[in-house]
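Examining the three-dimensional arrangement
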Amino acid sequence: MTNPADEPRRVLVIGAHPDDNEFGCGGTIAKFTQEGWDISYIICTNGNKGSHDPEMNSYRLSELREVEQRAAAAKLGVKRVVFLRYNDGELEPTLALRAEIALYIRHFKPHAVFSHDPWKHYMLHPDHRAVGFAVIEGIVSARDHLYMPGLSQIGIGVWRPQALYLWSAEQPDHTEDISATLDLKVAALAEHHSQLDEVDGWADRVRQRAREAGQPAGYAAGEVFRRMTV
Ligand SMILES: [Zn+2]
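Residues numbered from 1 in each chain as written. Predicted model: local features only at pLDDT ≥ 70, side-chain atom pairs only at ≥ 80, totals over all residues. Heavy atoms only, no water.

**Brief notes about the packing of helix α1 (residues 20-34) against helix α6 (residues 182-190)**
What counts is decided by this rule: Interaxial angles span 0 to 180 degrees and are taken between N-to-C directions of axes, which are lines fitted to C-alpha atoms, for helices over the stretch in contact. Helix and strand assignments come from DSSP, with helices taken as H or I runs of at least 4 residues and strands as E runs of at least 2, each series counted from the N terminus. Between 65 and 115 degrees an angle is taken as roughly perpendicular, under 35 as roughly parallel, over 145 as roughly antiparallel, and anywhere else as oblique. Crossings are assigned a handedness: left-handed for a near helix turned anticlockwise from the far helix by less than a right angle, right-handed for a clockwise turn. Here a residue-residue contact requires only that any non-hydrogen atoms of the pair lie within 4.5 Å. Residue polarity is assigned by list, with Asp, Glu, Lys and Arg as charged and Ala, Val, Leu, Ile, Met, Phe, Trp, Tyr, Cys and Pro as nonpolar; anything else, Gly included, falls into the polar class.
Contact geometry for α1 and α6: axes closest at 8 Å, N-to-C directions at 125°. Put simply, α1 runs oblique to α6. The handedness of the crossing between α1 and α6 comes out as right-handed. On α6, the residues touching Glu22, Phe23, Gly26, Gly27, Ala30 and Gln34 of α1 are Leu184, Lys185, Ala188 and Leu189. Residues that form the contact of α1 with α6 fall into these classes: five nonpolar, three polar and two charged.

Given below as structure tokens:
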């Protein structure tokens, strides 16, 4: 992306659960931070249902997953992580969630936003769909001044990102070269111990998918997105 204003590029990555941002665009984020970009994360749910361990409870899990998420973000050079702490599995694309996301977009003023593609068929997890729709709709509320008119009166003006990048897209039209940062993506994912320590071969599968995603564009490894102009 070009940067006409010659200011640091800002990116906002919005995921449903701790670990979604790393799976979706971890290699791209690592590349951007190495180039001096300013990256913020929003994690919408506390991930407090993501365990098969009968000894685990929801309270301990949500605390653990924030620690893991901060460690993963630090590996990628992400500046800040905002936790919205909705309960895992119960997210809906409400007007309230839309407004909340719009407020963060107006605050952080990202040039690019990354999130879930909510239109992916046969996607099981309801939170992924809910976040994707709330982000798309929230961008409109962030961009147009007649949404949330009171905010302008207290100095929180509109903000229009240049583009929205959706991961897990069925018809991606944009590939980022992550050949140099695939190792960092895997290292960041490995911080999500509660999710991946018991999963055999996950790192190999992440590497394989990155190779397949990069191949059509001629990259050793890639992440693919559907790019929407805002
Ligand atoms: Zn998820």
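From this point, things continue past the structure.
**Points about the nonpolar core**
Convention followed: For the purposes of this section, nonpolar cores are sets of buried Ala, Val, Leu, Ile, Met, Phe, Trp, Tyr and Cys residues that join through side-chain atoms within 4.5 Å. Burial classification: accessible surface area is computed with a 1.4 Å probe over protein chains only, and a residue below 20% of its type maximum counts as buried, one above 50% as exposed, and the rest as partly exposed.
Ranked by size, the top nonpolar core spans 25 residues in total, and within it Ile14, Val135 and Leu164 carry the most contacts. Elements with a minimum of two residues in this core: β1 (10-15), β2 (38-45), β3 (80-86), α3 (95-108), α4 (126-143) and β5 (163-167). With seven residues, α4 is the single largest residue contributor to this core. Core analysis: the second largest hydrophobic core is formed by 23 residues, Cys25, Ala30, Ile43 and Val78 among them.

**Some remarks on unusual backbone geometry**
Even without being glycine, Asp19 reaches a positive phi, approximately 105°. Looking at the secondary structure, you find Asp19 in the loop between β1 and α1. When its relative accessible area of 9% is taken as the criterion, Asp19 is described as buried. The backbone of Lys109 shows a phi angle near 50°, a positive value even though the residue is not glycine. Residue position: Lys109 is located in the loop between α3 and β4 (112-116). Exposure remark for Lys109: the relative accessible area of 33% places this residue in the partly exposed category.

**Side note on the pairing of strand β7 (residues 222-229)**
Defined as follows: When DSSP finds two or more bridges between two strands, those strands count as paired.
Direction of pairing for β5 relative to β7: antiparallel, over a ladder of four bridges. If you follow Leu166 over to β7, its bridge partner there is Arg226. The sheet contact formed by strand β6 (residues 174-177) and β7 spans four bridges and is antiparallel. Within the sheet, the bridge partner assigned to His174 lies in β7 and is Phe225.

**A short note on the pattern of salt bridges**
Here is the rule we go by: Salt bridges are identified by distance alone: a Lys or Arg side-chain nitrogen within 4 Å of an Asp or Glu carboxyl oxygen.
Inspection of the entire model under this criterion finds 12 salt bridges. Across the pair Glu191 and Lys75 runs a salt bridge whose closest N-O atoms are separated by 2.7 Å. In this pair, Glu191 is assigned in the loop between α6 and α7 (193-196) and Lys75 in helix α2 (residues 58-76), connecting sequence segments 116 residues apart. Note on Lys75: relative accessible area 37%, which makes it partly exposed. A single salt-bridge network, built from bridges that share partners, covers Asp38, Lys79 and Arg80.

**Quick word on the side chain of Asp117**
The condition is simple: Here the positive residues are Lys and Arg and the negative ones are Asp and Glu; neither His nor the chain ends is included. Any pair of N or O atoms that falls within 3.5 Å is considered a polar contact. Within protein, one atom must be able to donate a hydrogen and the other to accept it, and sequence-neighbouring residues count only if both atoms are side-chain atoms.
Within the secondary structure layout, Asp117 lies in the loop between β4 and α4. We note that Asp117 is buried and unpaired, the nearest opposite charge coming from Arg226 at a distance of 6.6 Å. Within the structure, the side chain of Asp117 is placed 2.8 Å from the backbone nitrogen of Trp119, a separation counted as a polar contact.

**Notes on the coordination of the zinc ion**
In plain terms, the rule: Donor atoms are limited to N, O and S found within 2.8 Å of the metal ion, a distance that becomes 3.2 Å for Na, K and Ca. With water left out, some sites might look partial. Irregular is the default label, applied whenever a site is not tetrahedral (four donors, all angles between 85 and 135 degrees) and neither square planar nor octahedral (four or six donors, opposite donors over 155 degrees apart, all other angles between 65 and 115).
The coordination sphere of the zinc ion contains the protein donors His17 (ND1), Asp20 (OD), Asp20 (OD) and His128 (NE2), at a distance range of 2.1 to 2.4 Å. The site at the zinc ion holds four donor atoms, and with the angles between them running 56 to 132°, its shape is irregular. Donor residues for the zinc ion sit on one chain with the sequence pattern H-x2-D-x107-H. You can see His17 sitting in the loop between β1 and α1 and its partner His128 sitting in helix α4, a full 111 residues away along the chain. You can call His17 buried: its relative accessible area is 6%. Residue classification places His128 among the buried positions, given a relative accessible area of 17%.

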